[in-house]
Amino acid sequence: MGTALVYHEAMTAARLLWDDPECAIERPERLAAVLERLRERGLEQRCLGLQAREASEAELHLVHSPEYVALVRGTQALDTPELRALSAKFDAVYFHPATFHCARLAVGAALQLVDAVLTGTVRNGLALVRPPGHHSQRAAANGFCVFNNVAIAARHAMQTHGVRRVLIVDWDIHHGQGTQYIFEDDPSVLYFSWHRYEFGRFWPHLRESDVDSVGRGLGRGFTVNLPWNQVGLGNADYVAAFLHVLLPLAFEFNPELILISAGFDSAIGDPEGQMQATPECFAHLTQLLQPLARGRICAVLEGGYHLESLAQSVCMTLQALLGDPAPPLSGNMEPHCSALESIERVRASHAPHWASIQAEGQGASAQPEDSVVGREPNCPLEPIAPLGPHPCSPPPNPLPLLPGDPEFKETEASTEATLSSLRNQLHFHLLPPVRVAAVLAVSDATLDLPPDVLCQEDSAPAEETQTWARRHAALAQDMALGTLGKLLCLLDWIRAEQVSSGFAAIPGPALVATLDVAVRSSLAHGSQRLLCVTGEQLDRPLDLADDGRTLWLQLGAEEAAVPSMFHVSIPMPETAGGFLSYLFTLVLPLAYSFRPDLVLVVLGPAHGLQAPQAALLVALLQGPVGGRVVVLMEEVSTAQLAGVLARVLRGDSPPSLGPFSAPSPEDTQALKGLRQQLEPQWKMLQVAAPVKR
Ligand code: X5A
Ligand code: ZN
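The rules behind these values
- Residues numbered from 1 in each chain as written.
- Chains lettered and ligands numbered in written order.
- Predicted model: local features only at pLDDT ≥ 70, side-chain atom pairs only at ≥ 80, totals over all residues.
- Heavy atoms only, no water.
- 1 Å grid on protein atoms, 1.4 Å probe; cavity = no way out; pocket = protein on both sides within 12 Å on 5 of 7 lines; lining within 4 Å.
- Points joined across faces, edges and corners; volume = space filled by probe spheres on them.
- Helix = DSSP H or I, 4+ residues; strand = E, 2+ residues; numbered from the N terminus.
- Donors = N, O, S within 2.8 Å, 3.2 Å for Na, K, Ca; no water.
- Polar contact = N/O pair within 3.5 Å; in protein donor to acceptor, adjacent residues only side chain to side chain.
- Contact = heavy atoms within 4.5 Å.
- Phe/Tyr/Trp six-rings, centres within 6.5 Å; stacked < 30°, edge-to-face > 60°.
- Buried < 20%, exposed > 50% of the residue type's maximum accessible area, 1.4 Å probe, protein only.

Colleague: Explain empty space enclosed by the protein to me, please; I cannot follow it from the model alone.
Modeller: To find leftover empty space, a probe the size of one water molecule is rolled over the atoms. One pass over the full model with this rule turns up 6 cavities of 30 Å³ or more. Taken together, 20 residues make up the lining of the largest cavity; nearest its centre are Gln287, Gln290, Ala619, Leu620 and Gln622. Of all the elements in the fold, those that place two or more residues in the lining of the largest cavity are helix 9 (280-289) and helix 18 (611-621). With 3 residues, helix 9 is the largest single contributor of residues to the lining of the largest cavity.

Structure (C-alpha cells):
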C-alpha cells in the first residue's frame, strides 16, 4: 500500500499582478521549490503520481455558496484594475485570471487524494496545491485562500464514501478560521488548529481563535484551538502539543480519515510564523498520527513561505508518509513556559468534553479560563531556544553556527545557517539498506513475515559471544548461545547503520541473561543513552551503574515506583484508555526527553500487552530514536507477535486498539504521582506552566 502525490503544473499559473507586500509571499515558486527538492531526494519517484483534476461546481457547493462560486468564476474575465478592486474587498487576498482554474485544481487534488485513500488504492498521500484553503469561508476568500480544499474534501469523504468521523489537523501557523466556521456545529469533524496568536496581536486577530472556542451545539468539544502566545517555539513545543492535547483527543474520537491542513509556515525560517521547529519535526508529527484511522492520512498543502524550509519540511512529511524512520529531533526538548501555559489552558477548556484529558488531571489552575485577549504574558519572555543537533546525528558539514553555542545569537543569517546545516545532515542521514532484521532460532515459515524482513543468519565472532555468555549459566545452552551470537551481530549492524531495527525470539530461560548482555555490550560499544522498556516485572540488573546511560521503564510492575530518575515502574493499566494515557503522558515524553540512541523493548513470558498494544508501543518508540528499536521477545510469544511487530518496524500502521474506554482512576492516580516526581528532570512530561504565579 503506497503513497500518492497529487499535483498539476497549472497550479503555478496564478500570481500577484500588483504591488502588495502582504500577499507577495504566496508565489508560484513555492510549488516549484518543493517539487525540485522532492525529485532531488528521489521521493517523487517512490510515490504514485496523480495529476490533479478540476473540482466540479457541485463539489465546490459542498462548502461554498453558489453566489460566491459564481463571483470567483467571473474573475477569469476581469482586467488587472478590476481584479485588484475585487481583491480589496477581502482580507489578504489577490485574484489573477488563472485563480479560478488553479483553485478548482487545488480542490480537485484534495478530492482525488481522498478518493485514492478511501478506495484503498494507496494508504496515504500528499496534495501539493495553490492557492491554499483553510482561511476560505462559505462566501468569502481570505488569507490567500479561495476555496476551502480540506473542508470540501472532508464533506466529500462523508457524503461519497460514508466516512463517519474525520479528524482535521491544521498545523499551519495561522488559524484556519474558515475551516472552524464550516464545521463549528458538526460533531463528525474534529478540528484541531495551533496558531500564532500573541494574545490576539497576530493576524487574523480573532477572539474565536482562543482556547475557549470549542464549537457550538452538537459540535461542542469538536473544535480545538491551541493559540501560541510567543514566537520562537519549536520541536519540543509541537511534540508536547501532540502528546498532551491532540493525540489523547484524537484516539478518543477514533477518526476514520485524517486530513492534514499541512502548512509549513510553522517551520523555522518562515517570515510569517517566526517559529523554530526544524523540518524533521513534521516527520514526527506525521508519524504520531499514523496509528489513527488505520493510517489513512491525506496531507494537503496550505502555507509555507520560506522556500528552503518549506521544501525540506514537505520532504520530511512525505518520507514519513512513505514509512521511512524519522531523523531524531534536534534541540534540547524542553517546552517553553509560554507553550506550556497554552497547553494547560486548552486542556482545561476541553476537560469537560473529553474523558481522556479529564482523567489525566489538570495542572495548578484546573478551571477553564476566560480569554486572554490583550493580556500580558505570565511567562517571562524567553530567549529563542537553543537548537543543538541530536547526539545521534552525524557531524554536520561544514561546521555550522548552530544555536546552543554560547556565542550564538538568533539572526536571519543564523537561521539560514541552521537550515543549510540541516540540509547537509539530511543528506547524510542515508537510511540503512535493511529496515528490519529478525533473529529466529529456526527460520519459521509459519510466522508470515513481510518479504523484506531480513532473516539474520550471521553471528558475532564465536569468541566474543562466548566471552559474554560466560556471565550467565542460562547462556551455556546451545540454542541460547546461537541466538545471542545473532543478536550481538544484529546490534553491531544497527550501530554500523546497515540495519534500522529488528526483533529476536529468545528461548524463555535465557531471556533475562540475553537482555543483560544486550545492554552491557551496547554500552561497551559506545551507546550513550539506552532506553529499555519492559512489558512486565523484569528486574534491572542490580550491578548496572545508574549513571544516566540507561533508562529503565517497567510497564507491568507490581506498583508505581521511581527508584531513580533513570528507573521507573508502573503497573499495567486496566483499560485501553489507560494504556494510551501511559503512552502519551509517560512513555513518549520520557523517551523524547531522554533522546536514546537505542531502544530495547522486552516482552517476556508474563508481558501483559495484547498484540495491538505491543505494536503501538513499538511503532511510537521509533520516533524518539530514529527507528533504532530492537524487540526481544520470549520464543513462545513469537507466533502471536512476530508478524505484527515486523510490520510496524518496517513502517506500516499498527492495528487498532479497539474502542476507547476511559482510564481507570487507579491508573490515572499512578500516572499523576509518577509525573510529579519525574517532571523536574524529564521536561516533556509537563502539561502546565511551572507554578510561579
Ligand atoms: C494560508 C496562509 C496566510 C495569510 C497571511 C495574511 N495564509 N497576513 O498561510
Ligand atoms: Zn499559514
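Next comes the rest of the account.
Colleague: Quick question: what am I supposed to make of the coordination of the zinc ion (ligand 2) here?
Modeller: Tetrahedral metal sites with four donors have an ideal angle of 109.5 degrees; octahedral sites with six donors have ideal angles of 90 or 180 degrees. For the zinc ion (ligand 2), every protein donor is listed as Asp172 (OD), Asp172 (OD), His174 (ND1) and Asp265 (OD), and the spread of their distances is 2.0 to 2.6 Å. Ordering the donors of the zinc ion (ligand 2) by residue number gives the pattern D-x1-H-x90-D. Within this pair, whereas His174 is found in the loop between strand 4 (166-170) and helix 7 (177-183), its partner Asp265 is found in the loop between strand 7 (257-262) and helix 9, the two being separated by 91 residues in sequence.

Colleague: What exactly am I supposed to notice about the environment of Gln112 here?
Modeller: Examined against the element boundaries, Gln112 turns out to sit in helix 5 (residues 99-118). C-alpha separation for the pair Gln112 and Leu86, spaced 26 residues apart in sequence, amounts to 30 Å. In this structure the side chain of Gln112 is engaged in a polar contact, spanning 3.2 Å, whose partner is the backbone oxygen of Gln51.

Colleague: What exactly am I supposed to notice about the environment of Pro655 here?
Modeller: Within the element layout of this structure, Pro655 appears in the loop between helix 19 (638-649) and helix 20 (665-678). Taking the C-alpha atoms as reference, Pro655 lies 9.0 Å from Leu292; in sequence the two are 363 residues apart. Setting aside residues no more than four positions away along its own chain, Pro655 makes contact with Pro612, Ala615 and Val644.

Colleague: Can you walk me through the packing of aromatic side chains in this structure?
Modeller: Within a pair of aromatic rings, the relevant descriptors are the distance that separates the centres and the angle that separates the planes. Inspection of the entire model under this criterion finds 19 aromatic pairs. Consider the rings of Phe192 and Phe242, whose centres lie 6.4 Å apart with planes at 85 degrees: the pair is edge-to-face. With Phe192 in strand 5 (residues 189-196) and Phe242 in helix 8 (residues 235-253), this pair connects stretches of sequence that are 50 residues apart. Arranged with centres 5.0 Å apart and planes meeting at 75 degrees, the rings of Phe264 and Phe282 form a pair that is edge-to-face. Note that Phe264 is positioned in the loop between strand 7 and helix 9 and Phe282 in helix 9, a separation of 18 residues in sequence. Accessibility assignment for this pair places Phe264 and Phe282 in one class, buried. Here the aromatic cluster, defined as three or more aromatic residues joined through ring pairs, consists of Phe192, Trp194, Trp228, Tyr238 and Phe242.

So yeah, pure geometry; function would need other evidence.
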